[in-house]
Amino acid sequence: MKADLGVIKPKQTPSSLPQEPLPGSRHQDLILCAYGDILMQVNLDDIEAGIPTEYDGMFYGTKGVRMNTRIIKAVDLKLKAQELEEAAEVLRSGGLVAFPTETVYGLGANALDASAARKIYQAKGRPSDNPLIVHITEVEDMAALAREIPEKAYELAKVFWPGPLTLILKKKDCVPSGTTGGLDTVAIRLPANTLARDLIAAAGVYVAAPSANISGKPSPTKAEHVIKDMDGKVDMIIDGGNATLGLESTIVDLTGEAPVILRPGCITKKMLENVIGTVEVDPAILETNPDPNKNFAPKAPGMKYRHYAPEGSLTIYEGQISSVIHAINREAQQKLAEGKRVGVIATDETKSSYLYGTVMSIGSRRDEASIAASLFAILRELDELHMEYIYTESFGDNSLGHAIMNRLLKAAGYRVVKVS
Ligand code: TXA
Ligand code: MG
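All of these numbers come straight from a predicted model, not from anything done at the bench.

Before going further, it helps to examine the site of ligand 1. Ligand 1 sits among 30 residues. The nearest are Thr-103, Gly-106, Ala-187, Pro-210 and Gly-302. When contributions to the shell around ligand 1 are tallied by element, the ones reaching two or more residues are β10 (165-171), β11 (185-189) and β15 (260-263). When residues in the shell around ligand 1 are grouped by element, the largest group, four residues, is from β11.

Turning our attention to unusual backbone geometry. Following Trp-161, the chain continues into Pro-162 via a peptide bond in cis, with omega recorded as -5 degrees. Mapped onto the fold, Pro-162 is located in the loop between α5 (151-160) and β10. Within the chain, Tyr-308 stands out as a residue other than glycine whose phi angle is a positive 60 degrees. With respect to the helices and strands, Tyr-308 occurs in the loop between α9 (283-286) and β17 (313-318). The class for Tyr-308 is buried, based on 23 C-beta atoms found within 10 Å.

Core analysis: the biggest nonpolar cluster contains 109 residues, and Ala-98, Val-134 and Val-252 have the highest contact counts within it. With nine residues, helix α11 (residues 368-384) is the single largest residue contributor to this core. Excluding anything up to four places from it in sequence, Val-134 contacts Ala-111, Leu-145, Thr-179, Val-186, Ala-187, Ile-188, Tyr-206 and Ala-208.

In this section: helix α7 (residues 223-230). Buried within α7 we find Ala-223, His-225, Val-226, Asp-229 and Met-230. Along the axis of α7, the buried positions cluster into a sector of 155 degrees, meaning they face one direction only. Contact partners of the buried residues in α7: β6 (97-99), β7 (106-110), α3 (114-124), β13 (236-239) and α11. Taken from the residues just after α7, Gly-232 is the one with a positive phi, measuring 90 degrees.

As a further point, take the confidence of the model for the protein. Overall, the prediction assigns the protein a mean pLDDT of 86, with 81% of residues at 70 or greater. With pLDDT under 50 throughout, residues 1-41 is counted as low confidence; its partners more than four residues away or in other chains account for 68 contacts.

What counts as what
- Residues numbered from 1 in each chain as written.
- Chains lettered and ligands numbered in written order.
- Predicted model: local features only at pLDDT ≥ 70, side-chain atom pairs only at ≥ 80, totals over all residues.
- Near = placed C-beta within 6 Å.
- Helix = DSSP H or I, 4+ residues; strand = E, 2+ residues; numbered from the N terminus.
- Buried ≥ 20, exposed ≤ 12 C-beta atoms within 10 Å, placed from the backbone.
- Core = buried A, V, L, I, M, F, W, Y, C linked by C-beta atoms within 7 Å.
- Contact = placed C-beta atoms within 7 Å.
- Arc of directions from axis to C-beta.
- pLDDT = per-residue confidence, 0-100.

Structure representation (structure tokens):
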């Protein structure tokens, strides 16, 4: 073995290795290592390159290499000309820049440079079969990246771009499979955030950008979230204030017979159907209690991974709101009596009814957008407070509520208590 394993010492004997490969990396040269009590897969290339490795939400240094991350602050979504050029140059030369979009912060790299895209996976600790979204600045850019583009793509682009909509199309050869997770399709989005567009335009390259969080953590909606997850792992972080929408883009697959929503978001099924007629929803994202023994294979590879999870145990309470409040109060009181740290996610309308634990309002039930905007931030805040048990109300399952519940259910690992 050529690699200097640094702090990670392999000590598993072949007979004690698990049958299934662990999540975290799908590269060829994998070895299994134990670090403390934790078994992990490590890519030899990464170790040789001194690239830190993430497994199951934890981050492991290999040779203790830390990048010097530059953090630059935009004022009113504008960077100074020189800073914009520096960020653009980082992207052009194959580096990583985290930047704000209207949905969540993205972690950008040149989408047509496979080695730049690979750095994204390493910084996030993201499984390499999970494809990236390519961000563009002009509708016409779609044709540079995709082939056999259906008319519906242009109809949707006309209405919803710039904005929180991602289209899945058949990819052209110029898009490396390292960007598309080995798929023959490519995800394309033209963001509304003007700073994001200025950056992509200045770089003069298409920008692959997943959410700028460590894989599995809640997506970042504030620069401080990105700094927490990515400082030391990326070249630059642009602080452009809060991401206004707070949920990642709606993803629509246009490569099949009928358009299919692969990830719900702020652009709802109804809004899409008003433009292009019937739109289907990937059955996997409608599951409220996926049975791991069943074939649960969402078409967007990213939707199958554990996601958004806070460190504490999150439980969703569903039912009549008065019963929900009663049940959460009872549960929170009991856990507090056991000496646990308890958080409650309430709404403006209900927060004064909760008597136990740290109660936070996620927004107003009269304004679902306010709930969407603070969902990830509240999950992160509860982590900062080291809450061990978190209880939340549930939200409507139509329009935006569908996207909110999709994220919340994943964050809770589908742990739902129904009260009557
Ligand atoms: O709002 C957003 O979309 C944000 C901002 C930064 O633009 N980006 C984002 O990227 O949420 P990410 O990587 O966190 O989520 C992308 C999702 C994943 O679930 C991935 O599997 C799916 O899009 N995806 C990407 N390319 C795909 C493809 N060719 N076919 C199916 N799903 C794809
Ligand atoms: Mg993400």
